[in-house]
Amino acid sequence: MLTSFLCGWYFYLAILTGLMSASAGPRTWVGRVGMVAAVVALVSMPLQYWVPTGLVEWMGQLRIGGDIFLLAVGVIGLIGGRRQDTKLIALIVAAVAALPVFLYYYQPSA
């Protein structure tokens with residue numbers, strides 16, 4: 001149940017980081033970091049269901065690393081964004097990216 005929820009959550013994060021990237025512009029460094037974050041969020045979706053054979057013992061670290069990166073992108077957009085709409089989208093990205101980090105450390109019914 002939580003896996004399906006997080007898969008949709010990462011899709012939502014991919015859309016938000018893409019919006020942040022489009023708002024900042026593809027030539028700015030905030031826009032480029034937003035594009036990388038959108039790719040990270042899209043890659044995180046299938047990793048919720050499919051785990052490569054050689055990476056079973058590293059999946060926890062890979063997932064939390066991607067989640068912390070998405071959270072950092074939101075904070076970077078807040079600090080480095082020049083336009084107000086970029087900062088607003090970055091605030092939403094930071095808030096949305098905090099949930100998977102929280103769920104990594106607080107695992108309900110584990």
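These remarks concern the structure in this document. (Residues numbered from 1 in each chain as written. Predicted model: local features only at pLDDT ≥ 70, side-chain atom pairs only at ≥ 80, totals over all residues. Heavy atoms only, no water.)

## Looking at the overall build of the chain
Link 1 in the chain: On a plain count of helices and strands, the chain comes out with four helices and zero strands.
Link 2 in the chain: Sequence-ordered secondary structure for the chain, helices as α and strands as β, is α-α-α-α.
Link 3 in the chain: Its C-alpha radius of gyration of 14 Å places the chain within 12% of the 13 Å reference for a compact globule of 110 residues.
Link 4 in the chain: If you line up the chain on its principal axes, its C-alpha atoms span 40 × 25 × 20 Å.
Link 5 in the chain: Out of the 110 residues belonging to the chain, those deemed buried represent 38%.
Link 6 in the chain: For the chain, restricting intrachain contacts to residue pairs at least 6 apart in sequence, the fraction spanning at least 24 positions comes to 70%.
Link 7 in the chain: Total accessible area on the chain is roughly 6600 Å²; 72% of this is exposed by carbon and sulfur atoms. (Helix = DSSP H or I, 4+ residues; strand = E, 2+ residues; numbered from the N terminus. Rg over C-alpha atoms; globule rule 2.2 N^0.38 Å. Buried < 20%, exposed > 50% of the residue type's maximum accessible area, 1.4 Å probe, protein only. Contact = heavy atoms within 4.5 Å. Areas by Shrake-Rupley, 256 points an atom, 1.4 Å probe, with all protein chains shown as cover.)

## Considering the nonpolar core
Link 1 in the chain: Ranked by size, the top nonpolar core spans 20 residues in total, and within it Tyr 10, Leu 13, Met 20, Ala 41, Leu 70 and Val 93 carry the most contacts.
Link 2 in the chain: Sorting the residues of this core by element identifies helix H1 (2-24), helix H2 (29-44), helix H3 (59-80) and helix H4 (84-105) as the ones contributing at least two each.
Link 3 in the chain: It is H1 that provides the largest number of residues to this core, a total of eight residues.
Link 4 in the chain: Once residues lying within four places of it in the same chain are set aside, the contact partners of Ala 41 are Tyr 10, Leu 13, Ala 14 and Leu 70. (Core = buried A, V, L, I, M, F, W, Y, C linked by side-chain atoms within 4.5 Å.)

## Notes on a nonpolar patch on the surface
Link 1 in the chain: Judged by side-chain polarity, Val 75, Leu 78, Ile 79, Leu 88 and Leu 91 come together as a nonpolar surface patch covering roughly 460 Å² of accessible area.
Link 2 in the chain: Counting only elements with at least two residues in the nonpolar patch, the list comes to H3 and H4.
Link 3 in the chain: For the nonpolar patch, the leading source of residues is H3, giving three residues.
Link 4 in the chain: By the secondary structure assignment, Leu 78 is in helix H3.
Link 5 in the chain: Using a relative accessible area of 31% as the deciding quantity, one classes Leu 78 as partly exposed. (Patch = residues over 30% accessible without salt bridge, like charges linked within 9 Å, V, L, I, M, F, W, Y side chains within 5 Å. Salt bridge = Lys/Arg side-chain N within 4 Å of Asp/Glu carboxyl O.)

## Notes on the packing of H1 against H3
Link 1 in the chain: Across the interface, H1 lies against H3 with an axial gap of 12 Å and an inter-helix angle of 30 degrees. As summarised for this structure, H1 and H3 are arranged roughly parallel, according to the angle between their axes. Crossing hand, H1 versus H3: left-handed. On H3, the residues touching Tyr 10, Leu 13, Thr 17 and Met 20 of H1 are Asp 67, Leu 70, Val 73 and Gly 77. (Axes fitted to C-alpha atoms, helices over the stretch in contact; angles between N-to-C directions. Parallel < 35°, antiparallel > 145°, perpendicular 65-115°, else oblique. Left-handed = near helix turned anticlockwise from the far one by under 90°.)

## As for the pattern of salt bridges
Two side chains of opposite charge can pair, provided their charged atoms sit close to one another.
Link 1 in the chain: According to the stated counting rule, one finds one salt bridge in the structure shown.
Link 2 in the chain: For Arg 83, the salt bridge identified is with Asp 85, shortest N-O distance 2.9 Å.
Link 3 in the chain: Looking at Arg 83, the relative accessible area reads 47%, which means it is partly exposed.
Link 4 in the chain: Classification of Asp 85 by relative accessible area gives partly exposed; the value is 30%.

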